Amino acid sequence: MPILAFTGNRFLADELLRDTLSARGLPPRDLPRLAGDDVTLEAALPHLTPGLFGDGGLIVDLDGVKPDKALLEALGGAGVTVAVLDEAPPATRVKLYEKHGEVLASAAPARTGDVAGWVAGRVKGLGLKLDRDAALYLAEVFGPDLTGIAGELNKLTLLPGPFTREAVQRVVGREPPGDSFAMLGAATTGRAAEALGQLRRLLAAGEDPFKLMGAVVWQYSLVARCVGLIAQEGRVNETVAAQRLGVKPFPAKKALEVARRLNEAKVRVQLSRILDADLSMKRGLDPAVTLERLIVQLSV
C-alpha cells in the first residue's frame, strides 16, 4: 500500500489528509494516529499489516519529530495505507515518499498578501461576503495561523453579513500587530497618532524598546541612503536599491517609500533626533516615553 505524504501549511495539509482518506473509504477518526514521542518503529509496526477485512490505515504526524531511516522504510513497505503529515520535509524524505507513494502538497501562505488571498478564496466556499480590507485584517492579525483564521470564519457564518473590516474586528477583538516600517512611514508623513498607535501595539506585544530603537536606527539608515540614491540617480526602484544597499527587496521597497517623501536637510534633522533619543535611552531615561517622544518629533 502507498505512503500518502501531505505537505505545506499544517492546517491545509491536515484538511487535505482528512478529505483524501475519507474519499478512499478510510475515515480518519477511525484510524490510529501517532504523534510526538509515539512516532517510533515499535509503535508503528502493529498497525502496518492489514487486518482480517483488508486494508487498514495509519496516520503519522511528524510535527516536531525527526524520523529515523528504519521507521521511514517500514512505513514505505507497509501493507496498509499510511498517511504522513509532514509540513516541510527535506529532499531526501520527499524522494522516499515519491518512491513508495505520492506527495500531496498544499499551499503554505506566509506573507500578509498571500494569506489575505487565501482568506478571499476560503470565504467564497463558505458563502460569506467579506470585503478585501476585512480579509487583510485577518491576515495581519493571524499571519500564517490559518487554523485561527478558519475558526473566526466559522464564527462569521453564524452572523449576518456583509462583513467590513470594522465588523470583523469587533467579532475577533484583536488589534493588528505593530509594524516598525509602517510606524516610520506614518511619522514621516505627519500622521503622529497612527505612528504612536503602531509603536504602542509593538510595545504591547512585548517588543523590547531597545530592540525597537535598534530597528528604527537600522531602518532610518536605509531611508537616508535611499534619499542619497534618489538625489544622485533620480528614479530608483526597489531592485536597484536592494543591490546598492546590500539588503533584500522588501526592506529596500519600504525604505524607498519613506525616502521619496524626504530630502537631505530633513533626513539630517531626523537622524540627529534619533541619535539624541538613542543616547537618552542608554543614559537611563524611560525607554517607552523616549520612543514616543521621538515618534512625535519625527512626525513634525
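As the structure is a computational prediction, the values presented were derived from the model and not from experiment.

Caption draft 1: Highlighting the side chain of Asn9. Assignment of secondary structure puts Asn9 in the loop between β1 (3-7) and α1 (10-23). For Asn9, a relative accessible area of 11% corresponds to the buried category. Reaching out from Asn9, the side chain makes a polar contact with the backbone nitrogen of Phe11 at a distance of 3.0 Å. Leaving out residues up to four positions away in the same chain, Asn9 has contacts with Ser106, Ala107, Ala108, Pro109, Pro144 and Leu146.

Caption draft 2: Representation of the packing of aromatic side chains. This structure, assessed with the given rule, holds one aromatic pair. Note on Phe11 and Trp118: the rings are 6.3 Å apart at their centroids and 85° apart in plane angle, and the pair reads as edge-to-face. Of this pair, Phe11 sits in helix α1 while Trp118 sits in helix α5 (residues 112-126), and the two are 107 residues apart along the sequence. Summarising the burial analysis for this pair, Phe11 and Trp118 share the class buried.

Caption draft 3: Fine view of the nonpolar core. Counting residues in hydrophobic clusters, the biggest one holds 36 residues, and the most contacted among them are Val223 and Ile295. Contributing elements (two or more residues each) for this core: α9 (180-187), α10 (192-204), α11 (209-233), α12 (238-245), α13 (249-259), α14 (264-282) and α15 (287-299). Looking at this core element by element, the count peaks at nine residues for α11. Setting aside its immediate chain neighbours within four residues, Ile295 contacts Met183, Ala187, Ala195, Leu196 and Leu199. In terms of nonpolar packing, the next biggest core, distinct from the first, is built from 24 residues, Leu12, Ala116, Val141 and Val168 among them.

Caption draft 4: Fine view of the UniProt feature "domain: DNA polymerase III delta subunit-like C-terminal" (unreviewed entry) in the chain. UniProt feature "domain: DNA polymerase III delta subunit-like C-terminal" (unreviewed entry): in the numbering of this structure it lies at residues 180-298. The span residues 180-298 carries 81% helix and 0% strand; its end-to-end C-alpha distance comes to 13 Å.

Caption draft 5: Representation of the layout of surface pockets in the model. In this structure, the largest pocket spans a volume of roughly 910 Å³. Contributing to the lining of the largest pocket are 29 residues, with Thr112, Asp179, Ala182, Phe250 and Lys254 lying nearest its centre. Put simply, the parts of the chain that give the lining of the largest pocket at least two residues each are α5, α6 (132-142), α9, α10 and α13. For the lining of the largest pocket, the element with the highest residue contribution is α13, accounting for six residues. Here the residues of the lining of the largest pocket are counted per class, giving twelve nonpolar, five polar and twelve charged.

Criteria and thresholds
- Residues numbered from 1 in each chain as written.
- Predicted model: local features only at pLDDT ≥ 70, side-chain atom pairs only at ≥ 80, totals over all residues.
- Heavy atoms only, no water.
- Helix = DSSP H or I, 4+ residues; strand = E, 2+ residues; numbered from the N terminus.
- Buried < 20%, exposed > 50% of the residue type's maximum accessible area, 1.4 Å probe, protein only.
- Polar contact = N/O pair within 3.5 Å; in protein donor to acceptor, adjacent residues only side chain to side chain.
- Contact = heavy atoms within 4.5 Å.
- Phe/Tyr/Trp six-rings, centres within 6.5 Å; stacked < 30°, edge-to-face > 60°.
- Core = buried A, V, L, I, M, F, W, Y, C linked by side-chain atoms within 4.5 Å.
- UniProt positions renumbered as here; feature names shortened; annotations may be inferred.
- 1 Å grid on protein atoms, 1.4 Å probe; cavity = no way out; pocket = protein on both sides within 12 Å on 5 of 7 lines; lining within 4 Å.
- Points joined across faces, edges and corners; volume = space filled by probe spheres on them.
- Nonpolar A, V, L, I, M, F, W, Y, C, P; charged D, E, K, R; others polar.

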